[in-house]
Structure formats: C-alpha cells, structure tokens
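Here are the chains, one letter per residue:
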Amino acid sequence: MIALIGLVAGIIIGIVVNPTLPPGLQPYLPIMIVAALDAIFGAVRAYLAHTFSDRVFVVSFLSNVAIAALIVWVGDQIGVGSQLSTAVVVVLGIRIFTNAAAIRREILHA
C-alpha cells in the first residue's frame, strides 16, 4: 500500500512540478525506463513466487538502469548508439515479456 501511495504521490508531483530533462540525458531516458520496467516486472514475478527480496530489487533496479545507460553511452562514443539502443531494448523487451508471461501464468494458473 505504501508503494502505491508513493507512486500516486510521485505522479502528482511530476504533473504539478513539470520537471525538464537536460538535453544531454534525453537520449538515455527511454532506455532507462525500459530497464526500470524490466526490474519492476522481475520484482512482481519474484513476489508472486514468494522469492522477493527488497535488497535484490533495489540493486537490480539501479544496476539495470545504470548498465543500460552505460551501454548506450558507450555506443554513442563509438558512433553506434542507435544500434546499441535497439539491442538493449530488444534484450530487455524479451525479459519483460518473459516475466509478464510468468506473472500471467502465476495469476491465472494457466
């Protein structure tokens, strides 16, 4: 319940404050969001399997976001940023859909 209240409060604060992202970080935001979604879906899957650990979730969340941004940054430095961005999205997308399928099976027992 606390997480849900925090989510709603964060959304409301984001709408009211209307923060802007520095232009240098704009190419990395979509990749960071996909990486964060991967960690969240993994956490939901672990919760439903009764193996959830808050420490593992925090480390997974932060490391997923940092590593995904780092991979894209390295790609930008060597001139292949869009290709590495696509690769990161594909890999994380596969993980998200795998976790979503496991969540669906756990909830629907199918």
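Rules and cut-offs
- The numbers attached to residues start from 1 for each chain and follow its sequence in the written order.
- Whole-chain, interface and lining totals are the exception, using all residues; otherwise, since this is a predicted model, local features are given only for residues with pLDDT of at least 70 and side-chain atom pairs are given and counted only at 80 or more.
- Only hydrogens and water are set aside; all other atoms, that is, all heavy atoms of the structure, feed into the side-chain values.
- Per-residue confidence from the prediction method is given by pLDDT, with values spanning 0 to 100.
- Here a helix means four or more residues in a row that DSSP labels H or I, a strand means two or more in a row labelled E, and each is numbered from the N terminus.
- Only protein chains enter the calculation, and the probe is 1.4 Å; a residue is then buried if its accessible area is under 20% of its type maximum, exposed if over 50%, and partly exposed in between.
- One less than the residue count of a helix, multiplied by 1.5 Å, gives the span that helix is expected to have.

This part takes up the confidence of the model for the protein. Confidence in the prediction for the protein averages 90 pLDDT; 100% of positions are at 70 or higher. Averaged pLDDT values over the elements of the protein bottom out at 88 in helix H1 (residues 2-17) and peak at 92 in helix H2 (residues 29-48).

The subject of this paragraph is unusual backbone geometry. For asparagine 18, which is not glycine, the phi dihedral falls at a positive 55°. Mapped onto the secondary structure, asparagine 18 falls in the loop between H1 and H2. A relative accessible area of 56% means that asparagine 18 is categorised as exposed. Phi is positive for histidine 50, which is not a glycine, with a value near 60°. Of note, histidine 50 is situated in the loop between H2 and helix H3 (54-78). The class for histidine 50 is exposed, based on a relative accessible area of 73%.

To continue, consider helix H4 (residues 81-108). Since there are 3.6 residues in each turn of an α-helix, residues three or four apart along the chain are aligned in direction. In this model H4 runs 40 Å from its N-terminal to its C-terminal C-alpha over 28 residues, within 8% of the 40 Å that 1.5 Å per residue would give. Of all the positions in H4, only Gly81, Ser85, Val88, Leu92, Gly93, Ile96, Asn99, Ala101, Ala102 and Ile103 are classed as buried. Downstream of H4 by one or two residues, histidine 109 has phi in the positive range, about 55°.

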